[in-house]
Amino acid sequence: MTIKEKYEKYTLGNFGKRDFVISRASGCHVFDENGRKYLDFGGGIAVMSLGHSNKNWIKTVKSQLDELVHCSNLYLTKPHADLAEALVGLIGKGRIFLCNSGTEANEALIKLALLHGAKVSGLEGKKCKILTAKNGFHGRTLGSLAATAQEKIQKGFSPILPNFEYGDFNDADSFRKLAGEDLAAILVEPVQGESGVTPATKEFLSELRKICDEKNALLLFDEVQCGCGRSGKFLACQKYGVKPDALSMAKGIGGGFPIGAIWVSEKHSELFTPGSHGTTFGGNPLACAASLAVLKEMSKRNLAKNAEKEGRRLAKGLEKIARKYPDKIKLTRGLGLMRSVLFNASVKNSDACSALRKNGLILIPAGANSLRFLPPLNVSDSQVDSALKIFDKTIGEL
Ligand SMILES: *Cc1c(COP(=O)(O)O)cnc(C)c1O
């Protein structure tokens, strides 16, 4: 049986049909079964912050493998302590909870919001409304899915948690209208990723901060995709200068190893009391070592700055291509090394995606009709130029 046949016979159908096998990867490139090389500007969907098989990352992970892989949260380990310290250093005064994925990190934020609502109202279930933005994405578990205001994500999974309501992204008034005294929290992505890379406006995030302050509610940011240096700063919200009460991270902070995290400001860090939350694998020494290797490499090589610089180069190139093919490309947008191209109705993103792959460039579909560029943070000028060249040529051929 081929790999594809095994997938079709033995795995559940939740991912839809797939046919492209990746065998190995290095830096900004992946290789298929036949050894053909592709420029990977999907980065495992914003996961491979250091690119594939980064030497220092591998070295750290290998040495942690020899040392200690897992010992449960009944005990303390140095990598867990060091990672929490490093994240607080990068984010600000507060506390960390470690888990294994983005959706789990958001579940923890949702629980935090409910604890906050119960504490300030004095009654469980009284102040429990959570507002999120339409077209946002927060994950696939039941809490995160309720936070994700997209029909295609929620369809089939009723009952959806009833305490969520949805405003329009970049329209603070729509949030204000929904924000009553029962508001526990507002949760948004500073840059919406899955729906096509839409950056928030500074005004929008500042207004949400005000609404939360007025209603004694928590402002929560989902930095799972836009965080970890991709925006040009460690966090996208630092780029906007708006401070949340808590935030979630995952994807890029492991550099390929599964890990998620939430940061909670000092003021709200006592909401989680002993026994109120937990995880078996979260904070295991191997994941923490992998994440520490990412943070170390990011700071040593100033990768957030590189993301800003290469993001600008990519944006300029994409704008030029968009002007060249106005019949095919509607617009291009993004922040730092998180960019997208939105097509006109004449081009289907799935068709563009396969044509690009045939020409050696891997991108990720997003939203109704766009493609995302999420290359490693250490991508080079020449790799950006090569990607632009392939993109230009392929769009011309469509
Ligand atoms: C990917 C993503 C998630 C979910 O992360 P998983 O690790 O897939 O659970 C949540 N929020 C945002 C913004 C994401 O991009």
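See the structure shown above.
This structure is a prediction, so every number in the text was calculated from the model and none was measured.

(A) Highlighting the nonpolar core. Residues F41, I186 and F391 are the most contacted members of the largest nonpolar core, which totals 84 residues. No other element matches the 8 residues that helix α11 (residues 285–300) contributes to this core. Contact partners of I186, with chain neighbours within four places excluded, come to L131, F175, L208, I211, C212, L218, L219 and L220. Counting residues in hydrophobic clusters, the runner-up holds 21 residues, among them L109, L112, A185 and V264.

(B) Structural detail: the site of the ligand. Near the ligand, the surroundings consist of 13 residues, among which G102, T103, D222, Q225 and K251 are the closest. Contact distances for the ligand include 2.8 Å between an oxygen atom and a backbone N or O atom of T103. A distance of 2.6 Å separates an oxygen atom of the ligand from a polar atom in the side chain of K251. In the complex, 82% of the free accessible area of the ligand, which totals 380 Å², lies under the protein chains. Ranked by residues supplied to the shell around the ligand, first place goes to helix α5 (residues 102–121) with 3 residues. Classifying every residue of the shell around the ligand by side-chain character gives 2 nonpolar, 7 polar and 4 charged.

(C) Representation of the environment of F281 within the structure. Among the structural elements, F281 can be located in the loop between β12 (260–265) and α11. In this structure, the C-alpha to C-alpha distance between F281 and K129, residues 152 residues apart in sequence, is 30 Å. The contacts of F281, once residues within four sequence positions are left out, are H70 and N100.

Cut-off values and rules
Residues numbered from 1 in each chain as written. Predicted model: local features only at pLDDT ≥ 70, side-chain atom pairs only at ≥ 80, totals over all residues. Heavy atoms only, no water. Core = buried A, V, L, I, M, F, W, Y, C linked by side-chain atoms within 4.5 Å. Buried < 20%, exposed > 50% of the residue type's maximum accessible area, 1.4 Å probe, protein only. Helix = DSSP H or I, 4+ residues; strand = E, 2+ residues; numbered from the N terminus. Contact = heavy atoms within 4.5 Å. Near = heavy atom within 4 Å. Polar contact = N/O pair within 3.5 Å; in protein donor to acceptor, adjacent residues only side chain to side chain. Areas by Shrake-Rupley, 256 points an atom, 1.4 Å probe, with all protein chains shown as cover. Nonpolar A, V, L, I, M, F, W, Y, C, P; charged D, E, K, R; others polar.

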